[in-house]
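Structural description and commentary
Below are the chains, spelled out letter by letter.
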Amino acid sequence: MLRVKEALDRIIKRTRVLGTQKLPLEEALGHVLAENIPSPFPLPMYDQAAMDGYAVGSHGYEFTLLEGEIKAGDHPVESPIMPGEAIRIYTGAPVPPGTYAVIPQEYTQEIGGRLRSSKVIKDGENIRRKGEEVKEGQRVLKVGDFITPPVVGLLAALGREKVRVYKKPKMAVITTGSELVGPTPSPPPGKVIDSNMYQITAALRAWGLEVVYSKRVEDDREALKEAVSEALEVAHIVITSGGVSVGRYDLITSVAEDLGIREVFWKVAQKPGKPLFFGIKGRKLIFGLPGNPVSASVCLYIYVKTAVRKMMGVKRSILEDFVYALLSKTLNKKGKRLEFVRGHLFYTEDRKYLPIVRPIQKRASHMLTSLKDANALIILPEDRGYFEHCQDVKVIPLRWFDLFE
Ligand code: AMP
Ligand code: MG
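Report on the accompanying structure.

Moving on, we come to the overall build of the protein chain. Within the protein chain one finds 7 helices and 28 strands. In terms of overall size, the protein chain is more extended than a compact globule, its C-alpha atoms giving a radius of gyration of 30 Å where 405 residues would be expected to give roughly 22 Å. Buried residues in the protein chain amount to 47% of all 405 residues. Within the protein chain, contacts between residues separated by at least 24 positions form 70% of all contacts whose residues are at least 6 apart in sequence. Total accessible area computed for the protein chain in this model is approximately 19,900 Å², and 51% of it derives from carbon and sulfur atoms. Within the protein chain, one finds 59 positive and 48 negative side-chain charges whose respective centroids are separated by 8 Å.

Time to look at the pairing of strand 4 (residues 53-56). Here 4 bridges tie strand 4 to strand 6 (residues 85-89), and the two strands are oriented antiparallel to one another. For Tyr54, the partnering residue across the bridge sits in strand 6 and is Arg88.

Take the site of ligand 1 next. In the vicinity of ligand 1 there are 16 residues, among which Glu179, Asp194, Ser195, Gly243 and Gly291 approach most closely. One nitrogen or oxygen atom from the main chain of Gly243 is found 2.9 Å from an oxygen atom belonging to ligand 1. At 3.2 Å from an oxygen atom of ligand 1 is found a main-chain nitrogen or oxygen belonging to Asn292. Out of a free accessible area of 480 Å², ligand 1 has 76% covered by protein chains. Mapping ligand 1 onto the cavity grids shows that it belongs to the largest pocket. Its residues assigned to classes, the shell around ligand 1 shows 5 nonpolar, 9 polar and 2 charged.

All right, on to empty space enclosed by the protein then. All told, the structure shown has 2 cavities of 30 Å³ or more when counted by the stated rule. Here the largest cavity is characterised by a volume of approximately 40 Å³. Tyr301, Lys305, Arg309, Asp321, Ile396, Pro397, Arg399, Asp402, Phe404 and Glu405 together form the lining of the largest cavity. When contributions to the lining of the largest cavity are tallied by element, the ones reaching two or more residues are helix 6 (293-311) and strand 28 (392-397).

To summarise the sheet geometry, strands pair through backbone hydrogen bonds and adopt either a parallel or an antiparallel arrangement. Pairing in this open sheet of 6 strands is mixed, and the strands run 7-4-6-5-9-8 from one edge to the other. Two strands bound the open sheet, and with one partner strand each, they are strand 7 (101-104) and strand 8 (108-111). The sheet shows a mean angle of 40° between the axes of neighbouring strands, direction not considered.

Burial of strand 6 is extensive: 4 of the 5 residues sit out of reach of the surface. Looking at chain direction, strand 5 (residues 62-70) and strand 6 are connected through 4 bridges and run parallel. Residue pairing for strand 6: Thr64 is matched across the bridge by Glu85.

On to the packing of helix 1 (residues 4-14) against helix 6. What describes two packed helices is the angle between their axes and the distance between those same axes. Look at helix 1 against helix 6: their axes get within 9 Å of each other, and the N-to-C directions meet at 30°. In terms of orientation, helix 1 lies roughly parallel with respect to helix 6. Crossing of helix 1 against helix 6: the hand is right-handed. Within the contact between the two elements, helix 1 uses Val4, Ala7, Leu8, Ile11 and Ile12 and helix 6 uses Ile302, Tyr303, Thr306, Ala307 and Lys310. Residues of the contact of helix 1 with helix 6, tallied by class, amount to 8 nonpolar, 1 polar and 1 charged.

Counting through the fold element by element, Ser58 comes out in the loop between strand 4 and strand 5. At 2.9 Å, the side chain of Ser58 and the backbone nitrogen of Gly84 are in polar contact. Ignoring sequence-local partners within four residues, the contact set of Ser58 consists of Phe63, Pro83, Gly84 and Tyr100.

Moving on, we get to the packing of aromatic side chains. One pass over the structure, following the stated rule, counts 7 aromatic pairs. Plain terms: the ring middles of Phe265 and Phe278 are 5.5 Å apart, the flat faces sit at 40° to each other, and that makes the pair tilted. Here Phe265, found in strand 18 (residues 262-266), pairs with Phe278, found in strand 20 (residues 277-281); they are 13 residues apart in sequence, far enough to count as distant. We note that Phe265, like Phe278, is buried.

Thresholds applied
- Residues numbered from 1 in each chain as written.
- Chains lettered and ligands numbered in written order.
- Predicted model: local features only at pLDDT ≥ 70, side-chain atom pairs only at ≥ 80, totals over all residues.
- Heavy atoms only, no water.
- Helix = DSSP H or I, 4+ residues; strand = E, 2+ residues; numbered from the N terminus.
- Rg over C-alpha atoms; globule rule 2.2 N^0.38 Å.
- Buried < 20%, exposed > 50% of the residue type's maximum accessible area, 1.4 Å probe, protein only.
- Contact = heavy atoms within 4.5 Å.
- Areas by Shrake-Rupley, 256 points an atom, 1.4 Å probe, with all protein chains shown as cover.
- Lys, Arg positive; Asp, Glu negative; His and termini not counted.
- Charge placed at Lys NZ, Arg CZ, Asp CG, Glu CD.
- Pairing = 2+ DSSP bridges.
- Near = heavy atom within 4 Å.
- Polar contact = N/O pair within 3.5 Å; in protein donor to acceptor, adjacent residues only side chain to side chain.
- 1 Å grid on protein atoms, 1.4 Å probe; cavity = no way out; pocket = protein on both sides within 12 Å on 5 of 7 lines; lining within 4 Å.
- Sits in = over half its atoms within 2 Å of the grid points.
- Nonpolar A, V, L, I, M, F, W, Y, C, P; charged D, E, K, R; others polar.
- Points joined across faces, edges and corners; volume = space filled by probe spheres on them.
- Axes fitted to C-alpha atoms, helices over the stretch in contact; angles between N-to-C directions.
- Parallel < 35°, antiparallel > 145°, perpendicular 65-115°, else oblique.
- Left-handed = near helix turned anticlockwise from the far one by under 90°.
- Phe/Tyr/Trp six-rings, centres within 6.5 Å; stacked < 30°, edge-to-face > 60°.

Now the structure itself:
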């Protein structure tokens, strides 16, 4: 059976990066940059005071105080300050030509028309130099950078009103199963509430993605075919849940075949989520997630998130997002599948050492309560069966609100 790493490699290889678009700065948050950004000017743009105090024309302890003051926002003065002179200045204001340093006001005293200073001041002290942070033309941001709030601020500081970013994929969610009903306090006998529709949609929204199509369908071949083809019309990535195993009513793979969707893989050597299906049609992707809510959630996190990142210009599998943690108790597993064990990751009080991860008792894949308590997935690799108390293991923190680390 296909190994997890190989399945992820295939997803990254087959997923095409979506196009780019120019967005107003206000809408760029959460996207990935699709252009390099050189600075059109030096930062700071001019020599400026870093403190409230006095610009002085030379080293010294007593100065002739010039009339007036220079505030932030004032037009730079052209007449230079001479040795022995001082002028009142405020943080961010342009210093006059010839400024030796800025003496912070707490070291000074104004007496008549003179200024006394108690501070040994060095050349250039408390002056922010033009271009000391960024030189004119220097590349400040590059293709592939994730646009966080500070990046939005930086783009603004670099004078950008618009910025070129990678498009985000539009998503479709289809849940399948004749047993499924919408949330209700009294589900009819034999029915199951469709939790996957809600948790999958919620995760996609938390990652900043738009769900453009959602439908719950019965285990009926024609109905499923219709839903998947409608979804393929409008979405870049179609996610289905359920119906992907080998039962008589598991219709995803045959419907995919009918619709000309090319199977890239079906079944992965993992637990939970063994029956996972991944197919492509043109540039569109189809993920057939298993119906068990924990399997669906884990596969969504590991595989769909990886594909979304790639479409948005970042080639980074979720398996690379691991941290090491110390296992709080011995774990065993049977078989040759990689196991994602739900875990609770935490630090000891002093936060000095590796974090600890406590496996959550319930390991069955239908128990969503266990996933609620988890904030990480412990990776138990394919070819080992015994994991000892206190040994370090790889853990993937579950970041439900971040697409990128
Ligand atoms: P399946 O993958 O279709 O064989 O479903 C496996 C198990 O998950 C069955 O017990 C289903 O009832 C359950 N299940 C399937 N889809 C959902 C869903 N959308 N929400 C909650 N449970 C589901
Ligand atoms: Mg089913």
